[in-house]
Amino acid sequence: MNALQGIEGQLEWGAQPRPECDVGQIRIRVAAAGHNRADLLQRNGLHPPPPGVTPEPGLERAGVVSEAGAGSRRRG
């Protein structure tokens, strides 16, 4: 999969391994994404992501649920 990454202080598209959809998680086929203040702070090293959360920026996303892990709840 491709993901937006912070590389040497710049945002760039890069290939990432596709993570497994774990228990209680969903996978979204992203149609639109935005960057907010937390993303900008993270890019500058001032807002580390919480443990267990992807380090790639882009907290705001919209799209279609394409996969659901066991125990996840999705509403149609």
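Now for a quick tour of the structure. (Residues numbered from 1 in each chain as written. Predicted model: local features only at pLDDT ≥ 70, side-chain atom pairs only at ≥ 80, totals over all residues. Heavy atoms only, no water.)

**Topic: the pattern of salt bridges**
And step 1. Counted by the stated rule, this structure contains two salt bridges.
And step 2. Salt-bridge contacts for Glu-67 lead to Arg-27; the nearest nitrogen and oxygen are separated by 2.9 Å. One end of the pair, Glu-67, is in strand S4 (residues 60-68); the other, Arg-27, is in strand S3 (residues 26-34), and 40 residues separate them in sequence.
And step 3. Overall, the relative accessible area of 30% leaves Glu-67 in the partly exposed class.
And step 4. Given a relative accessible area of 15%, Arg-27 falls into the buried group.
And step 5. Connected via shared salt-bridge partners are Arg-18, Arg-27 and Glu-67. (Salt bridge = Lys/Arg side-chain N within 4 Å of Asp/Glu carboxyl O. Helix = DSSP H or I, 4+ residues; strand = E, 2+ residues; numbered from the N terminus. Buried < 20%, exposed > 50% of the residue type's maximum accessible area, 1.4 Å probe, protein only.)

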